[in-house]
Amino acid sequence: MQDSIFAPFLWQQDIWQQLIDWHISGRLPHALILSGGSGMGKHHLSKALAAYLLCRKPGKIACGSCSSCQLLSAGTHPDLLEILPESEGKQIKIEQVRALQGYAAKTAQQGGFRVIILRPADAMNQNSANALLKNLEEPGQNVLFILLTHRSSAVLPTIKSRCQQIALPVPDTELALEWLREHLESHAALHAEKLLRMANGNPLTAQMLASDEMHQQRDRLFLNMESLTRGAEPVELAPSFLEGDVNWTLLWMQQWLSDWSNWCLLQHDDQVRFPEMLPLYKHWHKTASLVGAQSLFQSIGQLRTQLASGANPNIQLAMESLLIRWVDKMLV
Ligand SMILES: [Zn+2]
């Protein structure tokens, strides 16, 4: 099923209503930061809001058929500008933000709003952020900036202080599952709940996890972790741990650690998030401590932050040292 680009997702109705109420009563701020986990549809929400503000005859959502909505569908609306890094994981350059100055000051070509979506807001360095600040301090008439981030803590405070911050909550589970089941092949829909749990409740991420490619990466990672647990050499295994998207590998390793810690405390086999991991959990229980798992969890978190911030760590070396620590903390 294809989602309308003009309508917010099912689980975004409350926040949508609030934004529309603000707009109708003239209280819509000139800059918003939408924050929340990856895969909850922040970008979709920002596009739907842009469409609504630009639409010639909006109802509860943009009409979808006026000249403005058609331009938006075609991705050629002159009054909507999106700023994002030139490639994923890179930073937004100062030249990209400077180009805004002329844009935000002009009047809208279609005679209404101008909307600027900047994502991710945490991908700006000090210079680009300073350039953006100038725009935020002197916004033109009928200009809305929408900044998106799933790492709100990494957005500079000076930027935050000039924006209305909106933290989107984790989607309601029932609504998320309803959407997910409609968007998955029937065999994958049977596992919707598990996929949603693995995605920390974020439906778009859960949908992506259902792909064959992600399945294969997860299966391979499981086998690699099994080998490590059985005593394989960490440095030799490191390259296999780096196959596929390393961000996911690291996230799953963290999820296993927290799942294992919960299982250690409760010892209820039917409450684990990843039942296929139980044999390994039982093995780790004999050799590992909660404190060790906690410290590994933090190390992995630091590595994920480094990768997300566009820093370029030597990932081969980082994985080798992580697996050596894993053996040290979990297996001896
Ligand atoms: Zn319209």
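Basis of the calculations
- Residues numbered from 1 in each chain as written.
- Predicted model: local features only at pLDDT ≥ 70, side-chain atom pairs only at ≥ 80, totals over all residues.
- Heavy atoms only, no water.
- Helix = DSSP H or I, 4+ residues; strand = E, 2+ residues; numbered from the N terminus.
- Buried < 20%, exposed > 50% of the residue type's maximum accessible area, 1.4 Å probe, protein only.
- Arc of directions from axis to C-beta.
- Contact = heavy atoms within 4.5 Å.
- Polar contact = N/O pair within 3.5 Å; in protein donor to acceptor, adjacent residues only side chain to side chain.
- Donors = N, O, S within 2.8 Å, 3.2 Å for Na, K, Ca; no water.
- Tetrahedral: all angles 85-135°; square planar, octahedral: opposite > 155°, others 65-115°.
- Salt bridge = Lys/Arg side-chain N within 4 Å of Asp/Glu carboxyl O.
- Expected span 1.5 Å × (residues − 1).
- Core = buried A, V, L, I, M, F, W, Y, C linked by side-chain atoms within 4.5 Å.
- Domains from an automatic or database assignment.

Chemist: Lay out the environment of Glu213 in plain terms, naming residues and giving numbers.
Modeler: Positionally, Glu213 belongs in helix H11 (residues 212–229). Look at Glu213 and you get exposed, because its relative accessible area is 62%. Each C-alpha atom, one on Glu213 and one on Lys47, is 28 Å from the other, the two residues being 166 residues apart in sequence.

Chemist: Now, about helix H7 (residues 173–183): what can you tell me, with residues and values included?
Modeler: Within H7 the residues assigned to the buried category are Ala176, Leu177, Trp179, Leu180 and His183. Seen along its axis, H7 keeps its buried residues to an arc of 165°; they face one direction. In this structure, the buried residues of H7 make contact with helix H9 (192–198) and helix H10 (203–209). One side-chain oxygen of the residue at the start of H7 lies 3.2 Å from the amide nitrogen of Glu174, identifying that residue as Asp172.

Chemist: Mind laying out the coordination of the zinc ion, listing which residues take part and the relevant values?
Modeler: At the metal site, the zinc ion is ligated by Cys55 (SG), Cys63 (SG), Cys66 (SG) and Cys69 (SG), and these contacts range over 2.3 to 2.4 Å. Around the zinc ion, the four donor atoms are arranged such that angles at the metal cover 103 to 117°; this shape is classified as tetrahedral. Within one chain, the residues donating to the zinc ion are spaced in sequence as C-x7-C-x2-C-x2-C. Of this pair, Cys55 sits in the loop between helix H2 (42–54) and helix H3 (67–73) while Cys69 sits in helix H3; the two residues are 14 residues apart in sequence, bridging distant segments of the chain. Taken as a pair, Cys55 and Cys69 share a single burial class, namely buried.

Chemist: Describe in detail the pattern of salt bridges, supporting the description with residues and values.
Modeler: When the charged atoms of two side chains with opposite charge come close together, those side chains can pair. What the rule picks out here adds up to eleven salt bridges. Its salt-bridge partner being Arg114, residue Asp79 comes within 3.1 Å of it at the nearest N-O pair. Taken as a pair, Asp79 in the loop between H3 and strand E2 (80–83) and Arg114 in strand E3 (residues 114–118) lie far apart in primary sequence, 35 residues in all. For the pair Asp79 and Arg114, a shared accessibility class is recorded, and that class is buried. For Arg162, the salt bridge identified is with Glu137, shortest N-O distance 3.0 Å. One end of the pair, Arg162, is in the loop between helix H6 (157–160) and strand E5 (164–167); the other, Glu137, is in helix H5 (residues 126–137), with 25 residues separating them in the sequence. On the accessibility criterion, Arg162 (31% relative accessible area) is partly exposed.

Chemist: Which residues make up H2, and what are the values?
Modeler: If you check H2, its first and last C-alpha atoms are 18 Å apart, about what 13 residues at 1.5 Å a residue would give, namely 18 Å. Of all 13 residues in H2, eleven are buried; the element is thus mostly enclosed. Those residues of H2 not exposed but buried are Lys42, His44, Leu45, Ser46, Ala48, Leu49, Ala50, Ala51, Tyr52, Leu53 and Leu54. Of the surrounding secondary structure, the elements contacted by the buried residues of H2 are helix H1 (13–24), strand E1 (31–35), H3, E2, E3 and strand E4 (143–149).

Chemist: So what about the nonpolar core? Which residues, and what values?
Modeler: Residues Met225, Tyr281, Trp284, Trp326 and Met330 are the most contacted members of the largest nonpolar core, which totals 56 residues. In terms of residue count, helix H13 (residues 246–266) provides more of this core than any other element does, eleven residues in total. Counting residues in hydrophobic clusters, the runner-up holds 32 residues, among them Ala51, Tyr52, Ala62 and Cys69.

Chemist: Pulling in residues and values, what's your account of the domain arrangement of the protein chain?
Modeler: Note: interface size is frequently given as the accessible area lost on complex formation between the parts. For the protein chain, the assigned domains read domain 1 (10–167) and domain 2 (211–330). The centre of domain 1, based on its C-alpha atoms, is set 37 Å off from the matching centre of domain 2.

Chemist: Quick one: what's the story with unusual backbone geometry, residue by residue and with numbers?
Modeler: Keep in mind that most residues, glycine aside, have a negative phi and that most peptide bonds are trans. Pro120 follows Arg119 through a cis peptide bond whose omega is -15°. Even without a glycine there, the phi angle at Asn200 is positive, about 55°. Its location among the elements puts Asn200 in the loop between H9 and H10. With relative accessibility at 41%, the residue Asn200 sits in the partly exposed group. If you check the backbone angles, Gln267 has positive phi at about 60° while not being a glycine.

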